[in-house]
Amino acid sequence: MEIILYLSIALIAIAFTVLVIFVSKTLKSVQATLDNVAGTMSGLEKQVQGITTETTELLHKTNLLANDIQQKSEKLNTVVNAVQGVGQSLQQLNRSVSNVSTSVSNGLDKNKEQISQVVQWSNAAMDIWQKWKVKKERSKTSTMN
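The model shown is predicted, which means the values in this text are computed figures rather than measured ones.

1. Topic: the overall build of the protein chain
Along the protein chain, the regular secondary structure elements total 2 helices and 0 strands. Compactness check: the protein chain gives a C-alpha radius of gyration of 58 Å against a globular reference of 15 Å for 145 residues, more than 25% above the reference. Residues counted as buried form 0% of the 145 residues belonging to the protein chain. In the structure as shown, the protein chain presents an accessible area of about 13,600 Å², 64% of it carried by carbon and sulfur atoms. Averaging the coordinates of the 15 positive side-chain charges in the protein chain and doing the same for the 11 negative ones gives two points 27 Å apart.

2. Remarks on the UniProt feature "transmembrane region" (unreviewed entry) in the protein chain
Those places that UniProt annotates as "transmembrane region" (unreviewed entry) correspond, in this numbering, to residues 6–24. Helix makes up 100% of residues 6–24 and strand 0%, whereas the separation of the span's terminal C-alpha atoms amounts to 26 Å.

3. Quick word on the pattern of salt bridges
Taken as a whole, this structure holds 1 salt bridge when the rule is applied. For the salt bridge of Asp68 with Lys72, the shortest nitrogen-to-oxygen distance reads 3.3 Å. In this pair, Asp68 and Lys72 are both assigned in helix H1 (residues 2–110), 4 residues apart and thus about one turn of the helix distant. With relative accessibility at 29%, the residue Asp68 sits in the partly exposed group. Accessibility expressed as a relative area gives 53% for Lys72, which makes it exposed.

Rules and cut-offs
Residues numbered from 1 in each chain as written. Predicted model: local features only at pLDDT ≥ 70, side-chain atom pairs only at ≥ 80, totals over all residues. Heavy atoms only, no water. Helix = DSSP H or I, 4+ residues; strand = E, 2+ residues; numbered from the N terminus. Rg over C-alpha atoms; globule rule 2.2 N^0.38 Å. Buried < 20%, exposed > 50% of the residue type's maximum accessible area, 1.4 Å probe, protein only. Areas by Shrake-Rupley, 256 points an atom, 1.4 Å probe, with all protein chains shown as cover. Lys, Arg positive; Asp, Glu negative; His and termini not counted. Charge placed at Lys NZ, Arg CZ, Asp CG, Glu CD. UniProt positions renumbered as here; feature names shortened; annotations may be inferred. Salt bridge = Lys/Arg side-chain N within 4 Å of Asp/Glu carboxyl O.

As structure tokens, this is what we get:
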């Protein structure tokens, strides 16, 4: 019976040794995994810091760009207002020219008869003058002969 007791103790010792070996291997594997995770986390931390720096720079550039766009937009508004003023001036000029044309046209229509009479009197006066000139030349040629 004693032998069974010694064999049992030996078997327990062997089982405990095997258990310790497997637990040791498992802990080594877990240690390697944790080292891997720590390395990955360190790399991620560096990447996050880089992204944070780039994001800060990008935000700064975006703010500068927004300010530049706002300034240019205000300057462009001035140009648009000036062009609008020129357009209004041109419209007023067109209206004035149209009014003058209408006034001249109406004046011509009203004075059409008077203009016609002036033209007729002018034609008559020119005919008389030409006849007088021809008569004068005939009288000069007849006195010379």
